[in-house]
Amino acid sequence: MARPNQARLDLGALRHNIGHARALAPHSKVMAVVKANAYGHGAAIIAKTLEPLADALAVACIEEAVELRAAGISAPILLLEGFFEESELALAATENFWICVGNERQLSCLENAQLQQPMHVWLKIDTGMHRLGIDADLAESALKRLNTTPNVANDVVLCTHFASADDLDGTQTREQLEQFNEVCKNLPGKLSAANSPGILGWPDSHFDWIRPGYMLYGNSPFSAPHKNTDALQPVMTLSSAIISIRDVAAGESVGYGASWTASRPSKIATVTIGYGDGYPRLARNGTPVLVNGQRASLAGRVSMDMITVDVTDVEDASLGDEVILWGADLPVGEVAEWAGTIGYELTTRMPARTPRIIAAP
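Definitions and cut-offs
Residues numbered from 1 in each chain as written. Predicted model: local features only at pLDDT ≥ 70, side-chain atom pairs only at ≥ 80, totals over all residues. Heavy atoms only, no water. Helix = DSSP H or I, 4+ residues; strand = E, 2+ residues; numbered from the N terminus. Buried < 20%, exposed > 50% of the residue type's maximum accessible area, 1.4 Å probe, protein only. Contact = heavy atoms within 4.5 Å. Areas by Shrake-Rupley, 256 points an atom, 1.4 Å probe, with all protein chains shown as cover. Lys, Arg positive; Asp, Glu negative; His and termini not counted. Charge placed at Lys NZ, Arg CZ, Asp CG, Glu CD. Expected span 1.5 Å × (residues − 1). Arc of directions from axis to C-beta. Polar contact = N/O pair within 3.5 Å; in protein donor to acceptor, adjacent residues only side chain to side chain. Core = buried A, V, L, I, M, F, W, Y, C linked by side-chain atoms within 4.5 Å. Phe/Tyr/Trp six-rings, centres within 6.5 Å; stacked < 30°, edge-to-face > 60°. Pairing = 2+ DSSP bridges.

Draft legend 1. Region of interest: the overall build of the protein. Helix and strand counts for the protein stand at 11 helices and 19 strands. Seen through its C-alpha atoms, the protein measures out along the principal axes to roughly 75 × 45 × 35 Å. Evaluated residue by residue, the protein yields a buried proportion of 52% over its 361 residues. Counting only contacts in the protein whose residues sit at least 6 apart along the sequence, the fraction spanning at least 24 positions is 65%. Entry remark: accessible area of the protein is about 16000 Å², with carbon and sulfur atoms responsible for 50%. Across the protein, the centroid of the 28 positively charged side chains sits 2 Å from that of the 41 negatively charged ones.

Laid out in C-alpha cells, this is it:
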C-alpha cells in the first residue's frame, strides 16, 4: 500500500483563478507565471492547463522554458531573468522564447548576436526594487537601441516589478507607479507592472499586460483579508493520514527534544509527513492541521518523515483518517505564519517525494 502523502491539484480551481485575474483586468493581456516548477505544483501539468487560457507564460530561465517545450507547450514563454550567456540567444529565438533585458551586458550581447530571426523583448526598468532592471534615466536610450537592432522585433514591452505591492497601506508601490508612468509617458510600446498583489490591490498598475503568479495557485499575497482575494480557490491540498494513535499522560513529552509536554491526559496521533515531504520543519507547536475536517494542532518537533498531532479534542480520530496540512479550509499562508515563513516558500519547496495527484473534477 502506498504512503498516503500527496499534493492534490484542483485544476478547476486553477482555471477559475486565471479567470478571476482576467476579470480584474479585463483590458490586459495575461502572462501566467509558472517559474520554479509552477510554484511547486508541477510545471508541465500547470502550463498545459493554463496555455489555452493565457496569452503567454513566464519562467525564470531558459532551462525551465526548455522543459515546457519538451512537455509539448507551444505558447510564447518569457524568460524573466533574461539570458546568462550569449549562446542562449539562438535557442531562445528558435524556440519563441521572449527575453527580458535588464542590464547593459544583456543589451550589448543582443545587439551583437547573429540571429536568424528577431526576438520579442521586454525591457525591464528599475523603479525602486533595485534587483534587476535598467536605471530609469537610461530607459529611453536602451529602448532606442533595442528598436534599431535587427535582432529585436518592433514590439518591445516596457516592464517593472514592485517591491512592496503586498503592503496596501505603504507608499512605495504608488511611488514606483508614478516613476514608471513618468519614464514611459513619451516612449512607444506596451506596458507591464502588475504581479499578483498588483492585480488584486492596485488597479492603476494593470496596463497592457498583467503577470499573475501566486494568485493563480489560489493563495493571497496579503496578510489581511481583501475583497479581491475572497474568490481565489487553492489549487494544492497537501494531505496525509494518521498511522498511529497513543495516549500520553500529563507531564509526558512528545518527539525530538521533548519540545511539547502534555498539560493534560492527551491523545497523540502520528501522521506520516515531515520536512522530507515539504512540511516545514520550523512549524511551531500549535500549528493547525485538519483531521476529519476538525482543527487539531501540532504537538512536538517536525521530523523528516512524521509529525505528531494533539487529537484529544477531535471526535473519533482513528488510524487511516485523512489529515490536511493545507488546502481550501486551511490556507497555506496561515500555516506559513506558524513556521515563520511565507506560503510562496512552502509550495515552491515541495519535493518530488510528495506526488502531485490530479484531483477528480
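Draft legend 2. Structural detail: helix α8 (residues 172-184). In this model, α8 (13 residues) spans 18 Å end to end at C-alpha, consistent with the 18 Å of a helix rising 1.5 Å per residue. Every buried residue of α8 is accounted for by Thr173, Gln176, Leu177, Phe180, Val183 and Cys184. Down the axis of α8, the smallest arc covering the buried residues is 130°, so these residues share one side. Of the surrounding elements, those touching the buried residues of α8 are β6 (121-126), α7 (139-148), β8 (157-159) and β9 (190-194).

Draft legend 3. Expanded view of the side chain of Ser239. Inspection of the secondary structure assignment puts Ser239 in strand β11 (residues 236-248). Here Ser239 falls in the buried class, since its relative accessible area comes to 1%. There is a polar contact of 3.0 Å between the side chain of Ser239 and the side chain of Arg8.

Draft legend 4. A look at the nonpolar core. Among the nonpolar cores identified, the biggest contains 115 residues, and Leu57, Ile99, Leu110 and Tyr279 are the most heavily contacted of them. Those residues in contact with Ile99 that lie beyond four places of it in its chain are Leu78, Leu79, Phe83, Leu89, Ala92, Leu110, Met119, His120, Val121 and Trp122. Val254, Trp260, Ala262 and Ile268 belong to the second largest nonpolar core, which has 6 residues in total.

Draft legend 5. Fine view of the packing of aromatic side chains. One pass over the full model with this rule turns up 7 aromatic pairs. Look at Tyr39 and Tyr344: their rings are 6.5 Å apart centre to centre, the planes differ by 40°, and that puts the pair in the tilted class. With a gap of 305 residues between them, Tyr39 in helix α2 (residues 35-39) and Tyr344 in helix α11 (residues 343-348) connect regions that are remote in the sequence. Accessibility expressed as a relative area gives 9% for Tyr39, which makes it buried. Through successive ring pairs, a cluster of aromatic residues spans Tyr39, Tyr214, Tyr217 and Tyr344.

Draft legend 6. Region of interest: the environment of Thr261. With respect to the helices and strands, the residue Thr261 is situated in strand β13 (residues 260-261). Excluding anything up to four places from it in sequence, Thr261 contacts Gly251, Glu252 and Ser253. A polar side-chain atom of Thr261 sits 2.8 Å from a polar atom in the side chain of Ser253.

Draft legend 7. Region of the structure containing the pairing of strand β17 (residues 307-310). Of the two faces of β17, both are covered, the one formed by Ile307 and Val309 as well as the one formed by Thr308 and Asp310. Both strand β14 (residues 266-271) and β17 contribute to a ladder of 4 bridges, which runs antiparallel. Its bridge partner lying in β17, Thr270 is registered against Thr308. Relative to β17, strand β16 (residues 294-298) runs antiparallel, the two sharing 2 bridges. For Ser297, the partnering residue across the bridge sits in β17 and is Asp310.

Keep in mind that these numbers describe shape and distance, not what the molecule does.
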